[in-house]
Amino acid sequence: MASSLCMQFSARLFFVLASFVCFFGCKNRKAENCSTALPKTFSPVNGTLLSYSKTEPDTQKMVLVPSGSFLMGNEKNTVERSEDEQPTIRKTVPRFFMDSTEVTIGEFAQFVRETNYKTMAEKSGSSLVFHYAEKKDIGENKLPWWKEVKGVSWQKPFAEEQQNNQVQENFPAVHVSWYDAANYCAWKGKRLPTETEWEYAAVKGNRATQPMNIFQGQFPEKNTKADGFEFMAPVKSFEPNTIGLYDLQGNVWEWCSDFYHAKYYTFLSEDSLHELPDSPPKSYDPEEPFAEKKVIRGGSFLCNSSYCSGYRPTARMKAPPSQTYIHVGFRCVVGIAP
Ligand SMILES: [Ca+2]
């Protein structure tokens with residue numbers, strides 16, 4: 001018991017220190033690399049991938065993304081870029097169906113009703129919620145804008161003091177781990193998109209001025225809500241991209257199936273014999289080299305152009321697959337046999 005409490009305390013202490021270090025470390029790096037300074041993992045619950053009886057996926061509300069070839073990553077002369085988006089690599093993508101929206105609370109509720117599924121946030125009893133923070137309040141031994149809150153989950157995404165925010169069924173489901181997301185998709189007969197599929201769909205459908213739900217104002221102090229939304233927006237609140245995908249950019253980050261590997265584009269570009277698989281077989285995050293990370297894409301309602309431009313189609317971000325947040329959700333895809 002004493003050892004367990006000690007481990008829990010150590011994990012929490014690590015989380016606080018890691019958040020602190022990330023905030024101050026990020027201030028000195030390029031803004032577009034910082035995202036929202038995701039804290040390091042501390043989840044005490046291990047994830048499990050479940051198998052479900054095979055279901056024919058319903059593709060009614062999905063977009064058929066046609067096959068094609070594209071340059072994945074960001075050219076070196078682009079103003080907004082980070083090192084892990086380079087060099088660009090040519091990828092050929094077979095056609096696939098992609099959910100037109102992020103998976104909503106209403107859709108996730110059906111999964112839970114029919115399977116009695118418990119998410120990792122519900123099992124661990126807590127998840128991470130954004131709170132406004134003033135710069136003067138951020139300092140040694142003080143938490144920044146992320147707070148671990150007991151009792152929050154996909155059903156109750158906000159902390160007690162934020163309960164004036166009405167939860168709607170058509171909000172994207174958040175506080176779901178990579179495992180929860182992958183299990184939902186498997187239950188639907190679908191799967192999470194690969195990082196390549198996600199970027200291909202975002203690049204293919206990209207508008208020069210795509211309306212989206214982001215953080216406007218001075219992060220993390222003041223959100224002007226100029227786009228009409230302070231936190232999550234109901235799906236389809238904004239115009240879709242040119243191929244009919246809603247909120248692919250902004251609103252909530254979206255889990256991808258791939259491990260995050262900061263150097264994988266480099267490895268692929270040097271792989272003249274084409275021996276490497278399209279997706280990395282393991283993760284590598286130089287900021288946390290011993291932690292396993294999965295890719296998240298698309299940015300969120302916390303992304304701000306002055307601080308984080310994670311909503312760009314090529315921007316990459318990563319998170320531990322067991323960790324849950326108020327600004328990370330997902331959508332599913334269905335591959336099509338050639
Ligand atoms: Ca907003």
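If you're wondering where the values come from, they're calculated on a predicted model, not measured in any experiment.

*Asks:* Please provide a residue-by-residue account of the overall build of the chain, values included.
*Replies:* Looking only at helices and strands, one finds 7 helices and 13 strands in the chain. Residues classed as buried in the chain amount to 45% of the 338 residues present. Within the chain, contacts between residues separated by at least 24 positions form 77% of all contacts whose residues are at least 6 apart in sequence.

*Asks:* Describe the nonpolar core, listing the residues and the values that go with them.
*Replies:* Membership of the largest hydrophobic core comes to 70 residues, with the highest contact counts inside it found for Met98, Val174 and Ala181. Among the elements that make up this core, the one with the highest residue count is helix H5 (residues 178–187) (6 residues). Setting aside residues up to four positions removed in sequence, Val174 forms contacts with Trp154, Pro157, Met232, Val252, Tyr325, Ile326, His327, Val328 and Gly329.

*Asks:* Any chance you could break down the sheet that holds strand E1 (residues 62–65) for me, citing the residues and the numbers?
*Replies:* Within the open sheet, the 3 strands sit side by side as E1-E4-E13. Their pairing is antiparallel. A single partner strand is all that each edge strand has here, and the edge strands are E1 and strand E13 (333–335). Across this sheet, the average inter-strand angle for adjacent strands is 20°, counted without regard to direction. Where strand E4 (residues 96–99) meets E13, 3 bridges bridge the pair, whose relative direction is antiparallel. The residue bridging Phe96 from the neighbouring strand is Gly335, located in E13.

*Asks:* Mind laying out the sheet that holds strand E10 (residues 294–297), listing which residues take part and the relevant values?
*Replies:* The strand order across the open sheet built from 4 strands is E11-E10-E9-E12, with neighbouring strands paired in mixed fashion. Each edge of the open sheet carries a strand with a single partner, namely strand E11 (317–319) and strand E12 (328–329). Here 2 bridges tie strand E9 (residues 253–259) to E12, and the two strands are oriented parallel to one another. Residue Trp253 lies in a different strand from E12, and its bridge partner there is Val328. Each of E9 and E10 is contacted by helix H6 (residues 195–204), which is oriented at about 135° to E9, the strand it contacts most.

*Asks:* Summarise helix H3 (residues 105–115); cite the residues concerned and give the values.
*Replies:* Along H3, the residues that are buried comprise Ile105, Glu107, Phe108 and Phe111. In a view along the axis of H3, the buried residues occupy a sector of 165°, so they form one face of it. Of the exposed residues in H3, the ones pointing more than 90 degrees away from its buried face are Arg113 and Glu114. Here the buried face of H3 lies against H5. Within two residues after H3, Asn116 carries a phi angle of roughly 55°, on the positive side.

*Asks:* Could you give an account of H6, with specific residues and numbers?
*Replies:* Extensive coverage of H6 is indicated by the burial of 7 of its 10 residues. Every buried residue of H6 is listed here: Glu195, Glu197, Trp198, Glu199, Tyr200, Ala201 and Ala202.

*Asks:* Explain the environment of Val129 to me, and be specific about the residues and the numbers.
*Replies:* Considering the arrangement of structural elements, one finds Val129 in strand E5 (residues 126–130). Distance in space between the C-alpha atoms of Val129 and Phe158 is 7.0 Å, their sequence separation being 29 residues. Residues in contact with Val129, not counting those within four places in the same chain, are Lys147, Val149, Val152, Phe158, Ala159 and Ile326.

*Asks:* Report on the environment of Gly299, specifying residues and quantitative values.
*Replies:* Here Gly299 is to be found in the loop between E10 and E11. Residues Gly299 and Trp253 lie 46 residues apart in sequence; the distance between their C-alpha atoms is 4.9 Å. Those residues in contact with Gly299 that sit more than four places away from it in its chain are Ile214, Gln249, Gly250, Trp253, Gly310, Tyr311 and Ala315.

*Asks:* Outline the environment of Asn223, listing residues and values.
*Replies:* Position of Asn223 relative to the elements: it lies in strand E8 (residues 222–223). Counting along the chain gives 91 residues from Asn223 to Tyr132, while the straight-line C-alpha distance between them is 8.8 Å. Setting aside chain neighbours within four positions, we find Asn223 in contact with Phe215, Gln216, Gly217 and Glu230.

*Asks:* Help me get a handle on unusual backbone geometry, residues and values and all.
*Replies:* Of the consecutive residues Gln86 and Pro87, the connecting peptide bond is found in the cis state with omega at -5°. For Pro87, the position within the fold is in the loop between strand E2 (68–72) and strand E3 (89–93). Cis geometry marks the peptide bond from Phe219 to Pro220; its omega dihedral reads 0°. Turning to its location among the elements, Pro220 is positioned in the loop between strand E7 (217–218) and E8. The backbone phi angle of Lys225 is positive, close to 55°, even though this residue is not glycine. Checked against the element boundaries, Lys225 lands in the loop between E8 and E9. Accessibility expressed as a C-beta count within 10 Å gives 14 for Lys225, which makes it partly exposed. Even without glycine at this site, His274 takes up a positive phi of about 55°.

*Asks:* Which residues make up the confidence of the model for the chain, and what values do they have?
*Replies:* Here the chain averages 86 in pLDDT, and 83% of its residues register 70 or above. Counted against residues more than four places away or in other chains, residues 1–36, with its pLDDT under 50, gives 41 contacts.

So, how was this worked out
Here the residue numbers are simple positions, counted from 1 along each chain's written sequence. Local features in this predicted model are restricted to residues whose pLDDT is 70 or higher, and side-chain atom pairs enter the listing and the counts only when it is 80 or higher, whereas totals over whole chains, interfaces and linings include all residues. Numbering of helices and strands runs from the N terminus; a helix is a DSSP stretch of H or I covering at least four residues, while a strand is a stretch of E covering at least two. Any residue whose C-beta has 12 or fewer other C-beta atoms within 10 Å is treated as exposed, any with 20 or more as buried, and any in between as partly exposed, C-beta atoms being built from the backbone. Each residue is represented by a C-beta atom placed from its backbone, and any two residues with such atoms within 7 Å are regarded as in contact. The nonpolar core is taken to be a set of buried Ala, Val, Leu, Ile, Met, Phe, Trp, Tyr and Cys residues joined by way of C-beta atoms within 7 Å. One requirement defines pairing of two strands: DSSP has to find at least two bridges between them. Whenever a helix is involved, its axis is fitted only over the stretch in contact; in every case the axis is a line through C-alpha atoms, and angles between N-to-C directions fall within 0 to 180 degrees. The arc under discussion is defined with respect to the helix axis, by the directions toward the C-beta atoms. Scored between 0 and 100, pLDDT is the confidence that the predictor attaches to each residue.

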